[in-house]
Amino acid sequence: MSTYNENPFASSHSLDTNPFDDPPQPQTSHSTRLEDLQRREADIERREAELNQKAEHIRKHGRNNWPFFYPLIFHSIQDEIPEASRPLITRLYQLWLVLFGTLIVNMVACLFILFSGAQGGGSDLGASIGTGSAGLMQTIRMFTARHWAAAILSTIATVGWTLQGVGNAFYFLQASSIIYKHHNAAGHTMEKVSVIAAASGEPKQN
């Protein structure tokens with residue numbers, strides 16, 4: 001029954017406060033603010049050290065930064081490639097590194113094949129500069145003849161060549177799909193190309 005005696009227009013808020021003011025923010029402790037300042041200071045110092053390191057590298061080698069042990073060229077996917085394409089370019093770069101490592105292992109494997117007295121070892125060594133001469137067939141021969149070092153190295157080379165073939169096929173299809181979508185989004189279709197080609201081939205009217 002007490003509810004009938006209450007004023008429905010009464011406010012539980014004080015008239016001294018502005019109802020449009022922002023709600024009070026929780027007070028942060030001194031230690032929390034100190035930790036935040038220390039974290040920011042450490043981040044600034046880290047960035048300053050990175051900038052100094054880059055400046056010193058540029059002073060010694062210019063902008064060249066690759067390969068790291070003897071910089072000859074400038075290589076930076078982060079700085080030179082648009083963000084949307086960085087994952088694809090990074091994977092292609094990693095695939096290239098696999099190719100480089102495979103060529104080295106392949107050459108060493110061919111050296112062991114030559115030392116094992118296998119027929120055609122010299123020609124395999126010469127071809128190993130740019131081809132997969134220490135491939136599956138040589139791997140089988142080395143395992144059969146129990147030349148274990150050559151067999152293991154040939155196996156690693158064979159795996160590297162397999163990764164190259166699968167990786168190149170995969171990224172070729174992925175890159176082709178990206179190019180196709182880009183051209184379609186830009187309005188480049190085979191019909192449009194045909195119309196332009198036909199128009200450019202028409203003789204000029206005098």
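Above this text sits the structure in question.
Computed from a prediction, not measured in an experiment: that's the story for all the values here.

## What about the overall build of the protein chain?
Counting its secondary structure elements, the protein chain contains 7 helices and 0 strands. The helix and strand sequence of the protein chain, counted from the amino end, reads α-α-α-α-α-α-α. Within the protein chain, buried positions represent 15% of all 206 residues. Across the protein chain, every contact between residues at least 6 apart in sequence was considered, and the portion connecting residues at least 24 apart equals 48%. Total accessible area on the protein chain stands at roughly 16,800 Å², and carbon and sulfur atoms take up 62% of it.

## Section: a nonpolar patch on the surface
Among the surface-exposed residues, Trp96, Leu97, Phe100, Ile104, Val108, Leu111, Phe112, Leu114 and Phe115 lie close enough to one another that they form a single nonpolar patch of about 800 Å² accessible area. Within the secondary structure, Phe112 sits in helix H3 (residues 86–115).

## Quick look at unusual backbone geometry
Here Arg146, not a glycine, exhibits a phi torsion of approximately 65°, which is positive. One can find Arg146 in the loop between helix H5 (136–144) and helix H6 (148–185).

## Quick notes on H5
For H5, every residue scored as buried is listed here: Gln138, Thr139 and Met142. Considered in projection along H5, the buried side chains sweep an arc of 105° and stay on one side of the axis. For H5, exposure combined with an orientation more than 90 degrees from the buried face picks out Leu136, Met137 and Thr144. Following H5 by one or two positions, Arg146 has its phi on the positive side, about 65°.

Conventions and cut-offs
Residues numbered from 1 in each chain as written. Predicted model: local features only at pLDDT ≥ 70, side-chain atom pairs only at ≥ 80, totals over all residues. Heavy atoms only, no water. Helix = DSSP H or I, 4+ residues; strand = E, 2+ residues; numbered from the N terminus. Buried < 20%, exposed > 50% of the residue type's maximum accessible area, 1.4 Å probe, protein only. Contact = heavy atoms within 4.5 Å. Areas by Shrake-Rupley, 256 points an atom, 1.4 Å probe, with all protein chains shown as cover. Patch = residues over 30% accessible without salt bridge, like charges linked within 9 Å, V, L, I, M, F, W, Y side chains within 5 Å. Salt bridge = Lys/Arg side-chain N within 4 Å of Asp/Glu carboxyl O. Arc of directions from axis to C-beta.

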